[in-house]
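Listed here are the chains, written in short residue letters.
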Amino acid sequence: MDGIYDLGGMHGFGAIDPEINEPVFHEEWQATTFALMVVSQAFIRNHNADEYRHSIERMEPAHYLQAHYYERMLTGTTSLLVEKGVLDKADLEARAGGAFPMSRPVADDPVIELPSQCEGRFSVGDRVRVLEMHPKGHIRAPRFCRGKAGTVLHVAPKFNFPDTSAHGGELRLEHTYHVEFASRDLWPAEGNETDTVVVDLWDSYLEAIVS
Amino acid sequence: MDGIYDLGGMHGFGAIDPEINEPVFHEEWQATTFALMVVSQAFIRNHNADEYRHSIERMEPAHYLQAHYYERMLTGTTSLLVEKGVLDKADLEARAGGAFPMSRPVADDPVIELPSQCEGRFSVGDRVRVLEMHPKGHIRAPRFCRGKAGTVLHVAPKFNFPDTSAHGGELRLEHTYHVEFASRDLWPAEGNETDTVVVDLWDSYLEAIVS
Amino acid sequence: MNNINRAPIADRTEAVESALIDKGLLQEEALEGFIHAAHEWKPENGAKVVAKAWTDPEYRERLLKDGTAACAELGYAGPQGEYIVALEDTPERHNVIVCTQCSCTAWPVLGLPPDWYKRPEYRARVVREPRRVLSEMGLDLSPDIAVRVWETSAETRYMVIPLRPNGTDGWSEDRLASLVTREALIGVALANEPQD
Amino acid sequence: MNNINRAPIADRTEAVESALIDKGLLQEEALEGFIHAAHEWKPENGAKVVAKAWTDPEYRERLLKDGTAACAELGYAGPQGEYIVALEDTPERHNVIVCTQCSCTAWPVLGLPPDWYKRPEYRARVVREPRRVLSEMGLDLSPDIAVRVWETSAETRYMVIPLRPNGTDGWSEDRLASLVTREALIGVALANEPQD
């Protein structure tokens, strides 16, 4: 989805504000939420990380931007538990004593057809282009690199293709590639000539550039 | 700026919720804010609508998405009044009895160089392409049409070019054009073949397509 | 940073108003005039323009050729109405208006825009999936009808001239105008059918 | 819709926990183990990996060739560490890590990520204007040094091997490790200089 979560390159955000000696968790509910996220995987049939990530991406955009990381984690995890029938929203709201906003539903027709690429097609040094694709569901190619050309730096092992697995579709393993883009190819007016951005991209997201 | 305000085509938003017999203003502060926005134009040296629009675009993204229209209006208007030295933020917060968040500052180097196009270059029926440009400041060409090709439907009168006027730069008058894009050229997977989107675009935003 | 406890919005508004008054820049009564004007811009104005266009072919022609002048003929002009273009629905094409980047509207003939028009949902969605949005709002368009979405990105301000409903032959302009809602002028609804 | 008064987040968390317990799906103590594990994933682990790489050229080579195995040698493995790639800073190139779309990090060697890493500001900005972000965070890089930003968009988890500071000849691994902060492992800082 062309969603709020895909923040790379967005203007309008302010200063980074690091905390000295930040604790692992600031408040008890954060630790509890972390553990609930982990254990909940056992209660969710065919749970996978892609479906979980997408459950957070589906949050109301205003809620997403405003929520702390662990509030996003709780919202996504709970939305999946409710959607899968493990928990009941009304019951949770009664327990919480107030509104418990869930993520929005998965879009109709969330996956676009991309042929499976079980045989890795690319090698170190290859020039590739990211497809200009805009599915309504889960996708892990950030928008800032779609349609852009880069060079394969490294071939990583095969991992589950997230676009299908997030939506209960085909489980297919594909190599991912560390693809290096010149920063100026992504944002012509910014950065140095030597600056680059490396994005880790599944085989299906790419096409060969024939020179 | 590639900012949160540029919402056209973003996924993840829910249902539209029209109100039957909606009043002009729901609450008194909304009417006051509207009037304050209008009168404030007199207190702001060289005020123009482009600078005002940009003052809203510069709101913290999370605040922008969450705020009511008239809260955006108040935040932008007040930010300009504070930036121009008419009002003082600390004084306003004392009066309000709490935090009064302003818009974020204008970016350094907000304008990209585009040659002035005082002579209209295009006529009805011309094929044109919107430049793929990403200034850090104000721009009125929505991102969904940048880089896309369309057809001129109508030549509108000349209006102030917003990218420069919003930033105290050159005041220059250029025609705007109603440019029609096939919906499928913008979002291949959506809409009907006959559906189109018409965007009103300044001459400087466009280049001719030579066929 | 986002979880700041902002002062209530009414208090923030009053802070600006009182600061301007204390500085001698503003007299409280000055605001009333603008608030009054805001109530004079209303969709009933646009409805009258449409009704006249339905009944007077020469006016319709003038309206399509120069919307600003044709609206001014009926006394509708002013801020956000400097260049009005009227969009003619036909049996083959439906028009719908949006401003994705802020909330521009032709105030003199449509009034200040309603909340739903200014919220992110409408602005994000109607350019990309207009048929779905219209359907959710109660308007199911046949796939044979082309949809043209108008993005108010510059200074043109649009109004839709919806199709005149059947069964209104011989109706007066006033009666016809009562069928034209703000939603119809924006293009998220058709003109109302006559009630039997 | 966005101004909903949500129940306090702690109460929402407790609602989920109590509902799972009441359904017999969860025993309260079960959560403790995961919370304990979260405290074992920490940047001190990555710091030890870096210190060893600084002092042991063969280990460095193994780390660059197979980060996952080299971290596991020191006992650092587990969730979000299934495929670790170590990025070598050089005098000519500086590496920095981000996850723009969520907040992926190599938990076993970097720990759960800090709040600033997970917030929109860092995620939006560091890919587009890394020099400015680094400078705001206190790291001014010479224009001669290339910046390589690594976006954690798939399953690879990165850690940066910063340059070994001058004046640390003969230091023990433990002492060297004390110079390597979480910020240095992410690439928004250099390793600390030795204090005189």
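It should be emphasised that the depicted structure is a prediction, and the values quoted were computed from it without experimental measurement.

> How would you sum up the environment of P101(B)? Please name residues and give values.
Within the secondary structure, P101(B) sits in the loop between α5 (89-96) and β1 (127-130). With a relative accessible area of 14%, P101(B) lands in the buried category.

> Any details on the interface of chain D and chain A? Residues and values, ideally.
At the junction of the two partners, chain D supplies 70 residues and chain A supplies 81 residues. Of the roughly 6600 Å² buried where chain D meets chain A, counting both sides, 62% is carbon and sulfur surface. In terms of surface lost to chain A, no three residues of chain D exceed R6(D), Q101(D) and R128(D), which account for 12% of the buried area on that side. Here chain D and chain A share six salt bridges between them. Joining chain D to chain A, the criterion identifies 32 residue pairs in polar contact (both at pLDDT 80 or more). Per-element tally for the side of chain D that touches chain A: the top contributor is helix α1 (residues 9-22) of chain D, with 12 residues. Looking at side-chain class alone, the side of chain D that touches chain A contains 38 nonpolar, 11 polar and 21 charged residues. Alignment of strand β4 (residues 196-202) of chain A against strand β3 (residues 146-151) of chain D, held across four bridges, turns out to be parallel. Its bridge partner lying in β3(D), V197(A) is registered against V149(D).

> Talk me through the pattern of salt bridges; I want residue IDs and the actual numbers.
What the rule picks out here adds up to 54 salt bridges over all chains. Put simply, R12(D) and E71(A) hold a salt bridge, and the shortest N to O gap is 3.1 Å. Taken as a pair, R12(D) in helix α1 and E71(A) in helix α4 (residues 69-83) lie in two separate chains rather than in one. Side by side, R12(D) and E71(A) carry an identical accessibility label, which is buried. Between K52(C) and D56(C) there is a salt bridge whose closest N-O contact spans 3.8 Å. The class of K52(C) is buried, set by a relative accessible area of 17%.

> Quick one: what's the story with a negative patch on the surface, residue by residue and with numbers?
A contiguous patch of negative charge, built from E28(A), D11(D), E14(D), E28(D), E29(D) and E32(D), is present on the exposed surface. Mapped onto the negative patch, the elements with two or more residues apiece are α1 and α2 (28-40) of chain D. Sort the elements by how many residues they give to the negative patch and α2(D) lands first, with three residues. Among the structural elements, E28(A) can be located in helix α1 (residues 28-40). Residue E28(A) is classed as exposed on the basis of its relative accessible area, which comes to 69%.

Criteria and cut-off values
- Residues numbered from 1 in each chain as written.
- Chains lettered and ligands numbered in written order.
- Predicted model: local features only at pLDDT ≥ 70, side-chain atom pairs only at ≥ 80, totals over all residues.
- Heavy atoms only, no water.
- Helix = DSSP H or I, 4+ residues; strand = E, 2+ residues; numbered from the N terminus.
- Buried < 20%, exposed > 50% of the residue type's maximum accessible area, 1.4 Å probe, protein only.
- Contact = heavy atoms within 4.5 Å.
- Buried area = accessible area lost by both parts, 1.4 Å probe.
- Salt bridge = Lys/Arg side-chain N within 4 Å of Asp/Glu carboxyl O.
- Polar contact = N/O pair within 3.5 Å; in protein donor to acceptor, adjacent residues only side chain to side chain.
- Nonpolar A, V, L, I, M, F, W, Y, C, P; charged D, E, K, R; others polar.
- Pairing = 2+ DSSP bridges.
- Patch = residues over 30% accessible without salt bridge, like charges linked within 9 Å, V, L, I, M, F, W, Y side chains within 5 Å.
- Areas by Shrake-Rupley, 256 points an atom, 1.4 Å probe, with all protein chains shown as cover.
- Lys, Arg positive; Asp, Glu negative; His and termini not counted.
- Charge placed at Lys NZ, Arg CZ, Asp CG, Glu CD.

Note that all results are geometric; they support no functional claim without further evidence.
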